[in-house]
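Read off the chains here:
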Amino acid sequence: MTAGAALLSEVEGSVIGHRDGHGFVRTGDPGSVDIYLSPQEMRAVLHRDRVRVRVVRFDRKGRPEGRVLEILERKRAPIIGRLLHEAGSWLVAPEDKRYGQDILVPKNATANAAVGQVVAVELTEPPSMYSQPVGRVTEVLGEIDDPGMEIEIAVRKYEVPHRFSPEALGQAAKLPDAFRPADRRHRVDLTDVSLVTIDGEDARDFDDAVYCEPHKTGRGKGAAGGWRLIVAIADVSHYVRPGEAIDIDAYERATSVYFPRRVIPMLPEKLSNGLCSLNPEQNRLAMVCDMLVAENGEIDAYQFFPAVICSHARLTYTEVAALLANTRGAEAQRRQDLLPHLLNLHDVYRALLKHRGVRGAVDFETVETQIVCDESGRIEKIVPRVRSEAHRLIEEAMLAANVCAADFIGRAKHPSLYRVHEGPTPEKRAALQEYLKALGSGYLISDEPKPAELQAIAEATRDRPDATQIHSMLLRSMQQAIYTPTNVGHFGLAYDAYTHFTSPIRRYPDLLVHRVIKALLGGKRYHLLSGKVEHMPTPRRSAKAGRAHHEEAERWEMAGAHCSANERRADEASRDVEAWLKCRYMREHLGEEFGGTVNAVTSFGLFVLLDELYVEGLVHISELGGEYYRFDEVRQELRGERTGIRYAIGTRVRVQVSRVDLDARKIDFRLVREEGGSRLPSGTRATRRVARGQPEDAEAQLDRVRHADRALKPRAAPRGKAPGRDRRKGAASAASQDAVQATPRKRR
């Protein structure tokens, strides 16, 4: 549905509900505009239904409004909510407020759940224009305060598969308990090579091991220096065969999902923490990328081969960082036998990092946080995740292996999945150019921007007071990284071809890449459609061969779209749990004041990130004082028309925690003062909300009277925006995960 679509045109799409009662129909087509559904139209449909609508009118901004003609498909997934008993009726209030309607439950269909418990309900009668939906309770999850309940809700809310099929569990039980000598056949023995794993302290599965030694290319005085870098990755494809039960479950999940204190793995534990985990001092099967890296960081040569390895140590980032910082310290003494290899790894890392700069890869500085929970699963504290040289060392080694995998597959012209990250769209490029122009920075973006251009701006503005705002806009200009068989390169990393090879335990695309590489090593071809490995076919021009080729290409497209969608689903579920935990945490800080930084600006207010707690909340525009604020979309700021006060990304403020809505995952702040400024009037509605029943003193009464006087002057509200929390930041999240390379769990 394009913005200029004709009146009365009909389209199909999925319903996206809104907590305020209205909704939208999203077609999913590139460049399409969501079609508005009024609360009346939403009475007969539910969030996530697939419908056919007719455009019946346009608002004054040209946005289409639709009428539902037909419900094409209703989602059969259970709806999660709390069981209530009101006015003699049982009903379930959905946890996801986008559903917009409570679900009636007959008395004999409550499954003996108690009032207030969290339940899963299955619809037995859909909603209509004149009646509410009716359902029956299919599962009782427990009390809302039970430890881990937020995760139980999230996995069902986002339909994350969290139980393996009986067939998959049965197949896993039949797998060997340990490495078998018979598995050595046709493999290179690298058990004497001092490979090590380097991961976080809380890691449970180890899918990559590394080793480095000096290497000279050529002979005599003209020999060029460099390094031999070995990256060994767990050979999951040896145990997980196409079409078998474990493979079917792994494809459905497509990725492991990480929550605080819990992981929903892609593979059964016997594989993820056992056979396929590169545990120390145990023989394991691996796929190896053996590289020769020149002094300038370029990869001169590489080869792939299956191997048997034995990790010589399980190291942590903290250990390695301490060792590299002090080669004569206690840590270095304890790892004396591995010290030379670790120093070689550090040397090759610095060369790879130097080449990264030559390529012009984007590398913004971001702050990652880690939630520390207590035994009951509640947040104990939120701390910044320190990204040391050890983290970057492993990242650069994995990037090198991924690039070699993409090059190997690309040279063979074999279909596979690439990790693609495209540059800014023309619209985003224009918006970024307007923003830089408004700042008067003098920086220009070309019509076909290169990553080096964005990186150069980031470097040049690093010491500016508004550096945070500029870097945020640079980040938002980039698109989201996806999996696709069509290779168009990776913009953020400045690679012509890039794929994911290094984490087959937790990412299905990596498993597919392993299968393709194995087939190519044997001079064969891997068929995704059938899962078979066959000899390279001779060129044929028959109609049958052409049809098979087309079907195979479609299957790779479908696999890429499936893995990309499930990656986003995993991210959404993880963010939902973290938001729930943060809201629960902030309820203990109601009324307290904190310093913070404006993290985003919208037409309806400011999002502020607290310094000490690393929690974000909204200062609604109505809390900024008694004047009209205009939103400048180009400059990304709110400006007061009377006073000229401006709020932009990076502005320092002091706020008070005024309200926490656990169900909506919303935290509201009241602006107390700008940094270095005087306190703002405290008689706003947020202050009254946090008074918590305490009697007003004389000063509070005076503030309330002054606020009432200001309210006599009509305050214009921004049009076309309903109060909410829609930050529109999709491209600034997943795209930055690949471009910035700063996320935890080695998500490269």
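Scroll up a little and you will see the structure.
Reading the values: rules and limits
Residues numbered from 1 in each chain as written. Predicted model: local features only at pLDDT ≥ 70, side-chain atom pairs only at ≥ 80, totals over all residues. Heavy atoms only, no water. Helix = DSSP H or I, 4+ residues; strand = E, 2+ residues; numbered from the N terminus. Buried < 20%, exposed > 50% of the residue type's maximum accessible area, 1.4 Å probe, protein only. 1 Å grid on protein atoms, 1.4 Å probe; cavity = no way out; pocket = protein on both sides within 12 Å on 5 of 7 lines; lining within 4 Å. Points joined across faces, edges and corners; volume = space filled by probe spheres on them. Nonpolar A, V, L, I, M, F, W, Y, C, P; charged D, E, K, R; others polar. Patch = residues over 30% accessible without salt bridge, like charges linked within 9 Å, V, L, I, M, F, W, Y side chains within 5 Å. Areas by Shrake-Rupley, 256 points an atom, 1.4 Å probe, with all protein chains shown as cover. Salt bridge = Lys/Arg side-chain N within 4 Å of Asp/Glu carboxyl O. Pairing = 2+ DSSP bridges. Expected span 1.5 Å × (residues − 1). Core = buried A, V, L, I, M, F, W, Y, C linked by side-chain atoms within 4.5 Å. Contact = heavy atoms within 4.5 Å.

1. Quick look at the environment of Phe 631
Consideration 1: Looking at where Phe 631 falls in the secondary structure, it is placed in strand S29 (residues 629–632).
Consideration 2: With a relative accessible area of 28%, Phe 631 lands in the partly exposed category.
Consideration 3: Along the chain, Phe 631 and Ser 603 lie 28 residues apart, while their C-alpha atoms are 5.2 Å from each other.

2. Observations regarding empty space enclosed by the protein
Consideration 1: Inspection of the entire model under this criterion finds 5 cavities of 30 Å³ or more.
Consideration 2: For the largest cavity, the calculated volume is near 100 Å³.
Consideration 3: Along its surface, the largest cavity is lined by Arg 48, Ala 77, Pro 78, Ile 79, Ile 80, Glu 95, Asp 96, Tyr 99, Arg 156, Lys 157 and Glu 159.
Consideration 4: For the lining of the largest cavity, the per-class residue count stands at 5 nonpolar, no polar and 6 charged.
Consideration 5: Space inside the second largest cavity adds up to approximately 40 Å³.
Consideration 6: For the lining of the second largest cavity, the residue count by class is 3 nonpolar, 3 polar and 5 charged.

3. Focus on a nonpolar patch on the surface
Consideration 1: Taken together, the side chains of Leu 7, Leu 8 and Phe 58 define a hydrophobic patch exposed on the protein surface, amounting to about 280 Å² of accessible area.
Consideration 2: Its place among the elements puts Leu 7 in the segment before strand S1 (10–17).

4. Some thoughts on the pairing of strand S5 (residues 64–73)
In summary, the side chains of a regular strand alternate between the two faces of the sheet.
Consideration 1: With 8 bridges connecting them, strand S4 (residues 50–58) and S5 associate as antiparallel partners. Within the sheet, the bridge partner assigned to Phe 58 lies in S5 and is Pro 64.
Consideration 2: Hairpin connection between S4 and S5: a loop of 5 residues separates the two successive antiparallel strands, and Gly 62 in this loop has a positive phi of roughly 85 degrees.

5. Quick look at helix H13 (residues 508–521)
Consideration 1: With 14 residues, H13 extends 20 Å between its outermost C-alpha atoms, agreeing within 8% with the 20 Å of an ideal straight helix rising 1.5 Å per residue.
Consideration 2: Taking burial as the measure, the 14 residues of H13 include 12 buried ones, the bulk of the element.
Consideration 3: Where H13 is concerned, the buried positions are Tyr 508, Pro 509, Asp 510, Leu 511, Leu 512, Val 513, His 514, Arg 515, Val 516, Ile 517, Ala 519 and Leu 520.
Consideration 4: Looking at the residues trailing H13, positive phi occurs at Gly 523, about 70 degrees.

6. Here's the deal with the nonpolar core
For soluble globular proteins, nonpolar side chains are generally found buried alongside one another.
Consideration 1: Residues Leu 229 and Phe 501 are the most contacted members of the largest nonpolar core, which totals 93 residues.
Consideration 2: At 11 residues, the largest contribution of residues to this core is made by helix H9 (residues 389–412).
Consideration 3: The contact partners of Leu 229, leaving out residues within four places of it in the chain, are Tyr 211, Cys 212, Cys 289, Asp 290, Met 291, Val 293, Leu 345, Val 348, Leu 352 and Ala 397.
Consideration 4: Cys 583, Leu 638, Val 655 and Val 657 belong to the second-largest nonpolar core, a separate cluster that totals 43 residues.

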